[in-house]
Structure formats: structure tokens, C-alpha cells
Amino acid sequence: MKGIRFWLLLFAVSVLGGASQSVWAIDQNKLLATKPARTLSEYGLFQDAGARNQAEGLVLYELNNPLFTDYALKIRYLYIPKESGPATYQEDGVLEFPVGTVLVKTFAYPASFEQPDADIRYIETRLLIHKRDGWKAYPYVWNEEQTEARLKVAGKRLEIPVVWADGKSDIINYAVPNMNQCKGCHVNADKAFTPIGPKVRNLNRQAKGKSENQLELLRQAGYLKGGPENLEESPRVPEPFNPDDGNLQARARAYLDGNCAHCHSPGHPADTSGLYLNYEENREVHWGVNKPPVAAGRGAGGLLVDIHPGAPEKSILLFRMDSTDPGIMMPELGRSTIDQEGVELIRKFIAEMN
Amino acid sequence: MPATFLRVQRGMLGIIATALIILSGPVLADDVIRVSPSENAQEEIQEALILAEPGQTIELAAGFYKLTDGLSLDVANVTVKGAGMDKTILSFKGQKGGSEGLLVTSDQVVLRDFAVEDSKGDAVKAKGVDGIAMINIRTEWTGGPKSTNGAYGLYPVQSKNVFIYGCVAIGASDAGIYVGQSEDIIVTKSRGEFNVAGLEIENSYRADVFDNVMTRNTGGLLVFDLPNLPKQGGHNVRFFRNKSFDNDTDNFAPEGNIVGIVPRGTGMIVMANENVEVFENEFYGNDTVNIVVASYVDEFEDENYQPTPKKIHIHHNKFGKSGMDPDPGQFGTILRETVGTPVPDVVWDGVLPLMDYLFFGQAEEDSLALHDNTHLDGVKPYGNANMIMHVVAPIFHSPDFDMAPYAKSYPSLPAVDVTIRGRPAMELVAQ
């Protein structure tokens, strides 16, 4: 039965795909094929060549504590094929997504940050696809005309003109990661590739433009099973930059969780250092308090500890956030500019520690 | 023309592979991907590293490759081979991103016959792998010793079956060759110059370090154990037939790094490890001291950590003229003040947990063993610096030069086996 459906689908896709570019349907076979498609449109995840309108089944989501990437706007979708069934709720770590799941993340810039919602230019769209042999990551880079995004396995450096909210023009030296660099962050304790963001604690928030909790919407879409009846009782990290959403320490730890813990947590790429910035870590020395560095090199900046309570200027953590030198800056990948608001948040957090 | 070279190569491989599949079923992936220097070197090498299949070799032709981002390899059982450490040069002088030159995260990888120069961070790092061979690799910061140089040259960490042979490391602002949090390690026939630490084994189990030459570093050979790390309790390390001499470069580690404590002119430091055997080495021309056996004295919060060295066995070494002019920094000064100059060839800091220090002394079965070493006339072979008293109550301080309590021997540690691709690692060298 399954075999027949497969061939019918393949037939339909090849006929329709060949007949007309205007017919869009999610191509399950392309998504699960060993080799990635050359262009994003081949997967049928969007209804238009510019990927402005998602196909049916793609659910928009946001995170409480997104990773900073050179001020890029990020548009995230989750897709789980009906036959794969829902993801399983779990308190810690990333939701257990079934084979066939696709996470779609588009990085974009507005023509000017004076109007952040207008004239949005797409830069790249990354797909994380849960294939039969595990998760794979593929970066697709958009063309100038915004009509096509092409696979770039070796990554790419792009110069992106931006206008900041104060009207000043700038060029961002944006780096599209190569597939290995993707893995540099997206790797779990078993060395397997894994998503980072969609954890219960990050997803637990009101859905954009709706009254429901995001987790509830995912449940309604058939994308989530299990967990407490009232999903708002689930664990949650606060929004780092929303002063009404938690005290300074909780918000700073949420920021570090979102921006650092994919490497800096036990079993992950930067655990060599013993600095664990995941939200659950409660041993002070391990989340940086008076912790000397191990292999920071000049990244230590002549400072003695990661967090010197009360003294941001003596804290390696802040020094590395406040740099764009590749031998110093943290995170090592994903940014070429400084997250000024993030630096301020952590500066204040350390300053007020005692 | 060079930009299309790789593509053409791969196209041809594809055709050949397809033909073989048709003719004979499965193909052994024993083919070679060739890359030559070009304007597009970054993308071509990285693409080769991503698309390589297990069993393949990536050959980097002789020449100077200008790279702008860190390279990384995550495919198992791949060989990356250059034309020689002075012929195939991967230069990261213009690096804009990625914090190391080359990062390996897959098992059974062999790197050989090329150089990595001027990376912004570490030069060659392997993390969390089983089986990594670095053969005839040079890592160098070409501007000489500077605190802005990257931390480590050759840097396998949290790995098993580590093999470093015939390598050269120059100018690292921490350690030229640094193996950390790893198990089953051989480092041999390698050379370290103008690094803060020439060669360092840290928080690791079972290492054989032999036939290496360390000169003109701040310190030559280091074996450390540090607290608050996923892997600690470093033990069973042998250092033999190495030469550590004329280490005379001022410490240029950026402040805050633990190697910042190493005084200029240190032959060897053993810190907080257990079961270290040091034999048949030569130490001379080191301005501060030939060997220091020390405790980790910084504050730490880690109940599992053992800060004092135990069962350090030093025998059949040859000690030449050293310790004449200790570094004026903190550690050198305290040596000068406690044991005087010329500083004895082997110095123990005498630091013990306070109760042991005050009442019991060190347990007999943990203490230093010193025998059959060759010393120059007029130099004290051994000194206990008694540093606790020096710091706490200097007027009651007195060093102890009596070697008699240490005239004993521990059984020799077993040789380390390193297996890569199913065979003893040493067999890889001839290939």
C-alpha cells in the first residue's frame, strides 16, 4: 500500500512539476532523498518562487530567546508530514521530531531598520531535514532578484548593505555557514546532528498575532503530543529583552542559553572548557562565576575569570561577546557584528551581581 | 581554469564510479580528490572536505593557499595530504571567521605533509574523535612569538588514539603541541620552538612522549591537570628521550592563561598529575630550572579535583647547565628566593594539603622517586622549595636539599598502544 502511494506521488509530482511551475506541493521524496535539491523551490515548501507564502502544513513559530545573527530577521516554520505523526513532548532538550520533519529558517534584512517590516530581502534559507539516517542541514542562498535560492554546501561570504534604525548605512560581512559549520553547533552529546531551538522552554509563548500559546497551536496542528494539559505550565525561558518577563538574572541566563548553550553545555562542542551556559546549569562556577579559562588563548583578553561578579570589565564572557575578532569573539560562528543589546544586558547582569 | 579543476575531477570520478558500479557492483572508495591553489581555494578545499567519502584522500598540491575562513572535516577515515610541510601551505593570514585553521570532528582521520600558518585561533584542532594522526604537519605563526598569536598549534582534545609524528609547532601563544582531555596518545619526533609551552599533555590518560625536541620556548615540556573539566585526573604519562634545552623566550601568553605562570627558561613542569615517568631525557640551557614538580595552587571549587602531584618518577635523565638566571616573574622569583641559584635540577614546590603539610607529610607511596640521573658538579640535584612556609611565614622558611627520602623507584609504566584504522599508528608513517 505504502509502495503504491509512493509511486503515485512520484508520478504526480513528476507530471505536475514538468507540466507547470505554478503548481506547488510539498515533495516528500525530494525532502527525504539522500542528495539535497539544488534549489529551494524544488521541495515545494512555498507557494511562490520567492518563498513569501508557505505551503499548507508549514506552521510559523518563534523562540523566546533566539540566537543573534548580525541583526538578521528570522522567519521560522515547522513542517511534519501527516503520516509521520506528532513530535513527542519532553521537558528538557529539543522536541523529539519524527522522520520527515523539516525546520525552515529564512534569514532576512529590511531595506532599512527604520522600517523593519518593510521591503524585506531574503539572504538565505536553511533547511533542517530529519531524514531516515538523521538530521541534515542545507543552506540555500537567495539570488538578487529574490526568485530563487540555491544550495551552497561550502558556505559563502556576502556583503549586505543595511541601514540601521538611526539612518546610518553599513555593510555587514555576512557568513553563510558551510555544512560542517552548521554541525559545529547542531551536534548533540552523541555526536549526532540535531536542531537547537525548538525546545519546550523556548517555544512556550503566545503565538504571533494569536491568542493561543504556540505549543497549543502545535498540538492543534497535530505536531505535538504529550505534556501537561495546560501547556503554559511547561518550563519556559523568559524573553531576554523584555523587562516584564523576568528578573535580570533569569533574562541574562535566557540570553546565554539561546546564544551560547548549543556549544557551551555538557556533551556539546565547547564542553572542553567546562563553561556550561545552558539554562538548567546551577553550579555557579560552571556557568562562569569566578571560573578561570582553560584554552581561551588571547580570547581571555588578559582577564582572569569568565564572570567577575560586579565587574563586567573584568569578565572574559563579556569581552568575547564585545569583539568581532575571529580569534576572540563568541559565538565563533554566525555573527560579524556585535549584539549591542546583548552586550548591554550581560554587562548589567554582571554589574549587579555580588 | 583552476576554479573548474575540482569540478572536472569530481565529474570524472563520477563517471568512473558509475562505470565501476555497472561492471563490478560496489566500489571501494579509494579514489583521490585533488585540489590546487587558486583564487577559489577556500570554497574548493572546504567543498572537498565536505563531499569526501570515507576512505578517500584529499591531495593538496604544493603551493600557497590563501584562506579566509576556518576549514573543517567531519567525514570519517579521510586522509588530507599535502606535498610537504614546506610546500603545501594553508595560510590563514586573511582569516575573517572560524576560530581555528582546520577542525576535525570525525574518526580515523590522517593529516599529513602540509603547513597551517597564521590562523586567528588554534591551528589544527581535533575534537572528540577516535583515531587522529598528524604526521609531518607544521603549524606556525610567522610573525614570531606574539600574544596575538593563536593559542595552540596541534590541538587534539577529548579524543582517543592520538598520534603526532614528525610535526613542527612554532609561535603558539599557549602550547605548540597540546593534547588535552584525551586517552592513548603518542607524540614523537616532533619539534616545538618559540611557543609559550613547547609540548603539553593536560588532563589526559596514557601518553607516550618521546624523541621530541623542544627549544627556545618559554617552557619545553608540560604535563598538567586542571579542575572543573569534563575529564580530569591526568595519569600515566611517560616522557623519554626528549631534549628540552635553551628555552629562553619570554612568556608571551595573553594574561589570564594558565601557561602565563611558566617562567622563561623552564625545561619541564609536572603539575597535579599522577604516575608520570620522566627518563632518558636531556635538559640544559634553561635559565630558570630544568624540572619543576608542582601543585595547582589557584583557588578551585571542585571536590573531585586532586591538586597535588603523585608518584612522579624521574630517572636516567641528563641534566646540563641550567637555573643560572631565573625569570624575574613571580614563579621565577619564588624559585630564586626559596632554593637559590643555580636552581637545583629537580625542584618540588613542597605544597601539600594543609593537614598533610603540618602533621603527616606526604604519603610514602605518593612521593617523588629520583634515581640514576646525571648532574653537573656543583649543582644541587634536588630541592624542596617548601613554598607554603615561604608564603605564610617567610622567616621560618627553609628549603630542603636532601634527596635521600626519594632514593627509590616505581615500576616502569607500560608502553602506550595507539591504534588507527585497525593498525598500530606507527605503521601510518611509511605510507
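Residues numbered from 1 in each chain as written. Chains lettered and ligands numbered in written order. Predicted model: local features only at pLDDT ≥ 70, side-chain atom pairs only at ≥ 80, totals over all residues. Heavy atoms only, no water.

A. Up close: the side chain of A:Gln28. By the secondary structure assignment, A:Gln28 is in helix H2 (residues 28-32). Taking the relative accessible area as the measure of exposure, A:Gln28 reaches 12% and is therefore buried. (Helix = DSSP H or I, 4+ residues; strand = E, 2+ residues; numbered from the N terminus. Buried < 20%, exposed > 50% of the residue type's maximum accessible area, 1.4 Å probe, protein only.)

B. Structural detail: the environment of B:Val196. Residues and elements named next belong to chain B. Its place among the elements puts valine 196 in the loop between strand S16 (191-193) and strand S17 (197-202). Taking the C-alpha atoms as reference points, valine 196 and asparagine 217, separated by 21 residues in sequence, lie 5.5 Å from one another. Leaving out residues up to four positions away in the same chain, valine 196 has contacts with Ala172, Ser173, Asp174, Asn217, Thr218, Gly219, Asn251, Phe252, Ala253 and Val259. (Contact = heavy atoms within 4.5 Å.)

C. Fine view of the confidence of the model for chain A. With 93% of its residues at a pLDDT of 70 or more, chain A shows a mean pLDDT of 90. Within the model, pLDDT remains below 50 along residues 8-23 of chain A, and this stretch shows seven contacts once partners closer than five positions in the same chain are excluded. (pLDDT = per-residue confidence, 0-100.)

D. Spatial organisation of helix H8 (residues 340-351) of chain A. Residues and elements named next belong to chain A. Between its first and last C-alpha atoms H8 spans 16 Å; for 12 residues at 1.5 Å apiece the expected length is 16 Å, and the two agree. Of the positions making up H8, those classed as buried are Gly342, Val343, Leu345, Ile346, Phe349 and Ile350. Summarising the axial view, the buried residues of H8 lie within an arc of 160°, below the 170-degree limit, and thus occupy one face. Where H8 is buried, its residues contact helix H6 (248-260) and helix H7 (316-321). (Expected span 1.5 Å × (residues − 1). Arc of directions from axis to C-beta.)

E. Geometry of the interface of chain A and chain B. Every contact between the two is made by 38 residues of chain A and, on the other side, 45 residues of chain B. Summed over both partners, the interface of chain A with chain B comes to about 3100 Å²; 50% of that surface belongs to carbon and sulfur atoms. In terms of surface lost to chain B, no three residues of chain A exceed A:Asn180, A:Thr272 and A:Arg298, which account for 19% of the buried area on that side. Across the contact surface, chain A and chain B share five salt bridges. Counting the contacts that link chain A with chain B gives 15 residue pairs in polar contact (both at pLDDT 80 or more). Take the side of chain A that touches chain B: its biggest share by element is four residues, from helix H3 (residues 179-185) of chain A. (Buried area = accessible area lost by both parts, 1.4 Å probe. Salt bridge = Lys/Arg side-chain N within 4 Å of Asp/Glu carboxyl O. Polar contact = N/O pair within 3.5 Å; in protein donor to acceptor, adjacent residues only side chain to side chain.)

F. View of the packing of aromatic side chains. One pass over the full model with this rule turns up 24 aromatic pairs over all chains. Note on B:Tyr296 and B:Tyr305: the rings are 5.6 Å apart at their centroids and 85° apart in plane angle, and the pair reads as edge-to-face. Like B:Tyr296, the residue B:Tyr305 is buried in the burial classification. The structure contains a cluster of three or more aromatic residues connected by ring pairs, namely A:Phe68, A:Tyr71, A:Tyr109, A:Phe113, A:Trp164 and A:Tyr174. Lying across the ring of A:Tyr122, A:Arg52 places its NZ or CZ 3.6 Å from the centre. Positioned above the aromatic ring of B:Phe401 is the side chain of B:Lys380, whose terminal nitrogen or guanidinium carbon lies 4.6 Å from the ring centre. (Phe/Tyr/Trp six-rings, centres within 6.5 Å; stacked < 30°, edge-to-face > 60°. Lys NZ or Arg CZ within 6 Å of the ring centre and 35° of its normal.)

G. Looking closely at the sheet that holds strand S7 (residues 149-151) of chain A. Residues and elements named next belong to chain A. One open sheet holds the six strands; their spatial order is S1-S2-S4-S5-S6-S7, and the pairing between them is antiparallel. Edge strands, defined here as strands with exactly one partner in the open sheet, are strand S1 (59-61) and S7. Going across the sheet, the axis of each strand differs from the next one's by a mean of 30°, ignoring polarity. As defined by bridge partners, strand S5 (residues 120-131) adjoins strand S6 (residues 134-142) across eight bridges and the pair is classed as antiparallel. Among the inter-strand pairings, leucine 128 is bridged to a residue of S6, identified as alanine 137. (Pairing = 2+ DSSP bridges. Axes fitted to C-alpha atoms, helices over the stretch in contact; angles between N-to-C directions.)

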